[in-house]
Number of protein chains: 2
Amino acid sequence: MSGGVERYGLFELTVSSRSARPRAWFWQEGDRREITGFIVGPGKAAVRFMPDKEGTWRYTVEADGGEVSGEFQCVPSTGRNHGPVRTSGMHFRYADGTGFIPMGTTCYAWAHQDGRLMEQTLETLRNAPFNKVRMCVFPKSTQFNANDPEHFPFERIGSGGWDVDKPDQAFWSNLESRVAQLGELGIEADLILFHPYDRWGFSSLSREENLSYIDYCVRRLSAYRNVWWSMANEYDLVFTKNLEEWDALGEAVHNGDPYGHLISVHNWLEPYPKRPWLTHVSWQGGDMQTAFKLRTRYGLPVIVDELGYEGDIEFDWGNLSAFEVVDRMWAAAAFGCYSTHGETFYNEDEVLWWSKGGRLYGEAPKRIAFLREFMNSLPGPMEPLCAGVLDDPSSMAANPQHAELVRSIWDSKPQDIRDIFINEFIKPIGVHRDYMLIYLRRHCQSYYWLDLPQEGTYDVELLDVWEMRREKLVENAHSRVRVPLPGKEGVGIYVARKSGKELTAK
Amino acid sequence: MSGGVERYGLFELTVSSRSARPRAWFWQEGDRREITGFIVGPGKAAVRFMPDKEGTWRYTVEADGGEVSGEFQCVPSTGRNHGPVRTSGMHFRYADGTGFIPMGTTCYAWAHQDGRLMEQTLETLRNAPFNKVRMCVFPKSTQFNANDPEHFPFERIGSGGWDVDKPDQAFWSNLESRVAQLGELGIEADLILFHPYDRWGFSSLSREENLSYIDYCVRRLSAYRNVWWSMANEYDLVFTKNLEEWDALGEAVHNGDPYGHLISVHNWLEPYPKRPWLTHVSWQGGDMQTAFKLRTRYGLPVIVDELGYEGDIEFDWGNLSAFEVVDRMWAAAAFGCYSTHGETFYNEDEVLWWSKGGRLYGEAPKRIAFLREFMNSLPGPMEPLCAGVLDDPSSMAANPQHAELVRSIWDSKPQDIRDIFINEFIKPIGVHRDYMLIYLRRHCQSYYWLDLPQEGTYDVELLDVWEMRREKLVENAHSRVRVPLPGKEGVGIYVARKSGKELTAK
């Protein structure tokens, strides 16, 4: 391997093998990894390995007629290569410690389209603000998704079913090259393993078949650093599987993946229950207050992976205005959550970005770039100011007298009324010791009373999320300050600490 | 009485009386009414009577030294006089049968301001689209409400309290003349009897004092045909009264009012429970789906009397965009509910329309005029298409297969998930046998699949609620029709039956 393999890069070796699952061992000083290979053709298997440590790695791979041994140099990573993404508290980081702020998009079936369209999708992504793509392994069948892919994941059985133990090499080769191309663009591939939108039988394989499929998929793809595992799109619409089977499938991914990639389950109505193998919440819903509640309830990072799409189709999940999408994404951010874009503008050729990729037509992406730029400029991730409200709403009261009133109401009302009441206090305000983001959503107030610490100086800036504009409003503020605002929808207030007391969540 | 008294007009007689509650009897053929008078000054009482039947009414009034008797002619009503408003199923009608479509506004303390400002408020109302005003009997003390009124409802007790048995004549005289002036403009006076925004002690009178106050107020004002009784603004923020006292007060109004004016109770968090004396739901909340649910649960007309105000103040209830207000009002209408406007633009003299009246500055009122014009053009009130969804969500499914799926999900999910699920089906679509209104709210779809009956012809029109524009889209449609739309927020579809099968709710 001339030049060696980058840390978090991909080392690959092909061997002759009659075994479908040849074992391999990689070691360096005290570190030793066992990896299982996968079939790549008749009598041929490959082993892939993502080294996480620089230096000389030695290996031995099982092969027909014995073993193949060797070594390679792992060299420092370069450019966009920061390793796989991990959770870090309620947030994310790359393995090398660099912060990762998920700003995803959705192209479910882009890897099942013709080559020209896939290239166009990649070209669009190259110029778009997104660093994660939600995409399906299995092809998709639903409105605007009538075409068959060129290749299917498995060979067909004569009787019409699928032989999951015979992966179609052309299919997997295409899929992994798409994952790799995303990686080159610095984009995470949030790979959806199951989904209900099916006319070929992939959503109704048996449990054993599902386990075989997962086993192969994980062996083949987990060495790509930018892979995330999404167990499902809308797991609770896949009526052929119950929770017990989902758990078994999730555990199989967790146990099969030597690199500990992120694992989530995307829901339709009901968020997937908390499980040891679940790394974060991948939630569908349009109400960012609920995203905040899930973050608190699960104690895990939340990505609102489906908040509705910018578009104009007949379905309510696909006809949001650009402003509505951008507004939800800013609100998610100020709640200490993350969110994902999608776009569904109707056109006659039925190439809608949300499923097939292609071009983007909307007004949201450039505003998401503004959000991303803002988020990247921050000294660290924010926590929601209202973090304590679910346990004690009086923590959000303006003064002790008000807090007492809040407690008395809270103690005397039924749950549905408590919910209305508590929602009054759940505001998208994010706090970090050095800054605060107050996002006002659609509220058109012409001033805001900011209560800052007595000691210290703080600069106050206006954020106009639609005009993509920042403007200094007050310099060296402290104590109680009346901040003038333009009185329109889509305004944020950014407070930066210059000196004095750190800012804190309640 | 030259010219006589109009039907639903006001007959008034003043007598010498030491009694605070002189009785009077009015009769015409078999009809006989007992009315109780009220003090108007030292040794003087008045009796007021609203006749509901044309012809000669005779009367006898108790007075010092015996009785005063006489008669007057009740003549046909003219102009805007259609009598008091009654409920009619889930809707409203005047007593003479004319339809009444509530389109209210909010000026809580307008009748406690100086004369010049009150005249300006009336002038504004003369040119505004509103036919109901929510207004307080007691003065108001809260943000932007720091001024004392010229008169208070009762005489002061030396020790600092109020003598509720000594009404201040100047106060009541002003109040009733304001009610009468509204009546002349064709505007209902939704009189709020109690509220929590107080610094004078009116919210913490004893139960007996409250009953005395109500007794006087009802005797004095109930003969005005345009009076509605609102027991409270935000009853559940009046911590000095419990539900049992509210019930007693509500019953006292009901029993004391000989004319059966409408009675409601406006809430903060918790809608007031259903009671025999409650004529309709006066609800505070921003979510029109909840308004629909209340309509179904109570089986009473619902007026969303506080959906938030157009404005720019610091409180979230008072900084909605004009579009948001207009959008909520159209949604309420399509749910078969009614709604009320309010406006809170900050200005330095602290005259905000929502409380003190004065001028309107917003962009919503002219769009509310468009809504009112649309509503007035309809052949009758609409019922929500989704009327049956709370009992059986499968009634909203597009086809039998889908209905079965819905039932299975509905039967297997916990309540919070059922709520998310059912909300998917709760759409602001109103149906009348001769028309349908589909209001799309913020959904930007560029087409809509309309399923019309096979037999008949239907005209399809676009409603642009912001541009206040109607445009014919399809003529003589039937069966399944793809309706082209502009793909923007604030669009409604109006379908008018020209021939053939009547339209029905599900």
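Residues numbered from 1 in each chain as written. Chains lettered and ligands numbered in written order. Predicted model: local features only at pLDDT ≥ 70, side-chain atom pairs only at ≥ 80, totals over all residues. Heavy atoms only, no water.

S.K.: I'd love a proper account of the overall build of chain A, names of residues and values included.
M.R.: Within chain A one finds 10 helices and 30 strands. For chain A, whose C-alpha radius of gyration is 25 Å, the value lies close to the compact-globule estimate of 23 Å for 506 residues. Overall, the C-alpha framework of chain A stretches about 80 × 55 × 45 Å when taken along its three principal axes. Residues counted as buried form 57% of the 506 residues belonging to chain A. Here the contacts in chain A between residues at least 6 apart in sequence split such that 70% fall between residues at least 24 apart. (Helix = DSSP H or I, 4+ residues; strand = E, 2+ residues; numbered from the N terminus. Rg over C-alpha atoms; globule rule 2.2 N^0.38 Å. Buried < 20%, exposed > 50% of the residue type's maximum accessible area, 1.4 Å probe, protein only. Contact = heavy atoms within 4.5 Å.)

S.K.: Summarise the packing of aromatic side chains; cite the residues concerned and give the values.
M.R.: All names here are of chain B. With the rule as written, the count across this model stands at 92 aromatic pairs over all chains. Judged by centre distance (6.5 Å) and plane angle (70 degrees), the ring pair of Phe 49 and Phe 72 falls under edge-to-face. Placement of the pair is Phe 49 in strand 6 (residues 44-49) and Phe 72 in strand 8 (residues 66-75), with a sequence separation of 23 residues. Taken individually, Phe 49 and Phe 72 each receive the classification buried, so the pair is uniform in this respect. In this structure, Arg 156 is placed above the aromatic ring of Phe 152, and the distance from its NZ or CZ to the ring centre is 5.1 Å. (Phe/Tyr/Trp six-rings, centres within 6.5 Å; stacked < 30°, edge-to-face > 60°. Lys NZ or Arg CZ within 6 Å of the ring centre and 35° of its normal.)

S.K.: Would you mind going over the nonpolar core in detail, with residue names and values included?
M.R.: The biggest cluster of nonpolar side chains holds 140 residues, and the ones touching the most others in it are Leu193(B), Tyr213(B), Trp229(B), Trp330(B) and Leu450(B). Here this core gets 10 residues from one element, more than from any other, and that element is helix 6 (residues 322-334) of chain B. The next biggest cluster of nonpolar side chains, apart from the first, holds 138 residues, and it includes Trp162(A), Met396(A), Ala397(A) and Tyr435(A). (Core = buried A, V, L, I, M, F, W, Y, C linked by side-chain atoms within 4.5 Å.)

S.K.: So, the pattern of salt bridges: which residues are in play, and what are the values?
M.R.: Applying the stated rule across the entire model yields 78 salt bridges over all chains. With its nearest N and O atoms 3.2 Å apart, the salt bridge here joins Glu123(A) to Arg126(A). With a gap of 3 residues between them, Glu123(A) and Arg126(A) both fall in helix 1 (residues 115-126), about one helical turn apart. By relative accessible area, Glu123(A) is classed as partly exposed at 40%. Across the pair Glu471(B) and Arg469(B) runs a salt bridge whose closest N-O atoms are separated by 2.8 Å. (Salt bridge = Lys/Arg side-chain N within 4 Å of Asp/Glu carboxyl O.)

S.K.: So what about the relation of the copies chain A and chain B? Which residues, and what values?
M.R.: Here chain A sits on chain B after a turn of 180 degrees about the axis and a move of 0.0 Å along it, with an RMSD of 0.0 Å. What we have between these two chains is a two-fold relation. No C-alpha of chain A lies nearer the rotation axis than that of Asp416(A), which sits 5.3 Å from it. A share of 97% of the interface residues of chain A reappears at the interface of chain B, consistent with the copies meeting face to face through the same patch. (Least-squares fit on C-alpha atoms with pLDDT ≥ 70 in both.)

S.K.: How would you summarise the environment of Leu191(A) if you had to cite specific residues and measurements?
M.R.: Residues and elements named next belong to chain A. Tracing the chain through its elements places Leu 191 in strand 15 (residues 188-194). When its relative accessible area of 0% is taken as the criterion, Leu 191 is described as buried. Between the alpha carbons of Leu 191 and Asp 257 there is a distance of 14 Å; along the sequence they are 66 residues apart.

S.K.: Just give me the short version of the sheet that holds strand 8 of chain B, but keep the residues and values in it.
M.R.: Residues and elements named next belong to chain B. In space, the 5 strands of this open sheet follow the order 1-8-7-3-4, with mixed pairing throughout. The sheet is open, and its two borders are formed by strand 1 (5-6) and strand 4 (31-36), each paired with just one other strand. Bridge count for strand 3 (residues 23-28) against strand 4 is 6 bridges, and the pairing is antiparallel. Within the sheet, the bridge partner assigned to Trp 25 lies in strand 4 and is Glu 34. (Pairing = 2+ DSSP bridges.)

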